[in-house]
Amino acid sequence: MAIVQAMAILKIARMGHPVLKQVAAPVGDPKSAEIGQLIQDMIDTLADAAGAGLAAPQVHIPLRLVMFHVPAARAREEDGEAAEGCPFTVLINPEIEALSEDMVEGVEACLSLPDLAGMVPRYSHIRYRGFDHRGETVEREAEGFHARVVQHECDHLDGILYPMRMADLSTLTFTSEISRAREAELDEAEEEAENAENG
Ligand code: NI
């Protein structure tokens, strides 16, 4: 009889929980059964939450392990038609190096701060390395949204949440207010167009 492994959706720690404030410890053996199980559970959790990335401290495990993906459509939306995105990646004991001093502002959200978003400056061009779930070395250069996601996830390993990186806290917003403001803008534009037609 086959043993079916149940899918596990882990509880996500929210801002204020001590596990999100600490510096996470390096993973000893990326190929261990425990890490394999953690990765599987985090994949299920990330899929359930429909996020771009997840770091182990967000599921109450203070280890240096993150996962992320950038679908091509999302990358094009953020960075234009030439952007390629990034396949689903597990990164263990990651290191990031900025390849340029250039910082760009962009909107970020986080599963540990539900329903909020804010403008965060990040390095526009980075190199990152670490190990994947098979213990193989991953080394990539990343730009734009891909670089942003990696910097956001790796910050979780050092107890940093995106509001701590924001240059202007007045941009911190409930996502429902962003859609409400967008609707109001559209209504206003429609009204203006009507008024213009009416002379
Ligand atoms: Ni996050």
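Residues numbered from 1 in each chain as written. Predicted model: local features only at pLDDT ≥ 70, side-chain atom pairs only at ≥ 80, totals over all residues. Heavy atoms only, no water.

**Concerning a negative patch on the surface**
Here is step 1 of the chain: Residues E183, E185, D187, E188, E190, E191, E192, E194 and E197 make up a contiguous surface patch of negative charge.
Here is step 2 of the chain: Relative to the helices and strands, E192 is located in helix α4 (residues 175-197).
Here is step 3 of the chain: We classify E192 as exposed; its relative accessible area is 55%. (Patch = residues over 30% accessible without salt bridge, like charges linked within 9 Å, V, L, I, M, F, W, Y side chains within 5 Å. Areas by Shrake-Rupley, 256 points an atom, 1.4 Å probe, with all protein chains shown as cover. Salt bridge = Lys/Arg side-chain N within 4 Å of Asp/Glu carboxyl O. Lys, Arg positive; Asp, Glu negative; His and termini not counted. Charge placed at Lys NZ, Arg CZ, Asp CG, Glu CD. Helix = DSSP H or I, 4+ residues; strand = E, 2+ residues; numbered from the N terminus. Buried < 20%, exposed > 50% of the residue type's maximum accessible area, 1.4 Å probe, protein only.)

**Regarding the pairing of strand β2 (residues 65-70)**
In summary, the side chains of a regular strand alternate between the two faces of the sheet.
Here is step 1 of the chain: Counting buried positions along β2 yields five of six residues, so the element is predominantly enclosed.
Here is step 2 of the chain: For strand β1 (residues 53-55) and β2, the ladder comprises three bridges, and the chain directions are antiparallel. Its bridge partner being in β2, G53 is matched across the sheet by F68.
Here is step 3 of the chain: Of the strand pairs in this sheet, β2 and strand β3 (residues 86-98) are connected by five bridges, and their pairing is antiparallel. (Pairing = 2+ DSSP bridges.)

**Concerning the layout of surface pockets**
Here is step 1 of the chain: If you add up the space inside the largest pocket, you get close to 720 Å³.
Here is step 2 of the chain: Lining of the largest pocket is provided by 33 residues; of these, R74, V107, E108, A109 and C110 occupy positions nearest its centre.
Here is step 3 of the chain: Broken down by secondary-structure element, the contributors of at least two residues to the lining of the largest pocket are β2, α2 (72-79), β4 (103-108), β5 (116-123), α3 (144-155) and α4.
Here is step 4 of the chain: With five residues, the top contributor of residues to the lining of the largest pocket is α3.
Here is step 5 of the chain: Classifying every residue of the lining of the largest pocket by side-chain character gives 17 nonpolar, nine polar and seven charged.
Here is step 6 of the chain: In this structure, the second largest pocket encloses a volume near 250 Å³.
Here is step 7 of the chain: Lining the second largest pocket are 14 residues, with I96, R122, Q151, D155 and R165 sitting closest to its centre.
Here is step 8 of the chain: Those elements that place two or more of their residues in the lining of the second largest pocket are β3, β5 and α3.
Here is step 9 of the chain: Class assignment for the residues of the lining of the second largest pocket results in seven nonpolar, one polar and six charged. (1 Å grid on protein atoms, 1.4 Å probe; cavity = no way out; pocket = protein on both sides within 12 Å on 5 of 7 lines; lining within 4 Å. Points joined across faces, edges and corners; volume = space filled by probe spheres on them. Nonpolar A, V, L, I, M, F, W, Y, C, P; charged D, E, K, R; others polar.)

**Describing the sheet that holds strand β8 (residues 173-174)**
Here is step 1 of the chain: Read across the open sheet, the three strands follow the order β4-β5-β8; overall the sheet is antiparallel. The sheet is open, and its two edges are formed by β4 and β8, each paired on a single side.
Here is step 2 of the chain: With two bridges connecting them, β5 and β8 associate as antiparallel partners. Paired with L116 across the bridge in β8 is F174.
Here is step 3 of the chain: Each of β4 and β5 touches α3; the most contacted strand, β5, lies at about 105° to it. (Contact = heavy atoms within 4.5 Å. Axes fitted to C-alpha atoms, helices over the stretch in contact; angles between N-to-C directions.)

**Some remarks on unusual backbone geometry**
Here is step 1 of the chain: Although it is not a glycine, A50 adopts a positive phi angle of roughly 55°.
Here is step 2 of the chain: Considering the arrangement of structural elements, one finds A50 in the loop between α1 (33-49) and β1.
Here is step 3 of the chain: Positive phi is not limited to glycine here, since N93 has a value of about 50°.
Here is step 4 of the chain: Tracing the chain through its elements places N93 in strand β3.

**A word on the nonpolar core**
Here is step 1 of the chain: Residues V66, F68, V70, L91, I126, Y128 and V150 are the most contacted members of the largest nonpolar core, which totals 19 residues.
Here is step 2 of the chain: Top contributing element to this core by residue count: α3, with five residues.
Here is step 3 of the chain: Beyond its immediate chain neighbours, meaning those up to four positions away, V150 contacts F68, I96, I126 and Y128. (Core = buried A, V, L, I, M, F, W, Y, C linked by side-chain atoms within 4.5 Å.)

**Quick word on the pairing of strand β6 (residues 125-131)**
Here is step 1 of the chain: The alternating pattern of β6 places I126, Y128 and G130 on a buried face, while none of H125, R127, R129 and F131, on the opposite face, is buried.
Here is step 2 of the chain: One ladder, built from five bridges, connects β3 with β6; its direction is antiparallel. Looking at the pairing, I96 lines up with Y128 of β6.

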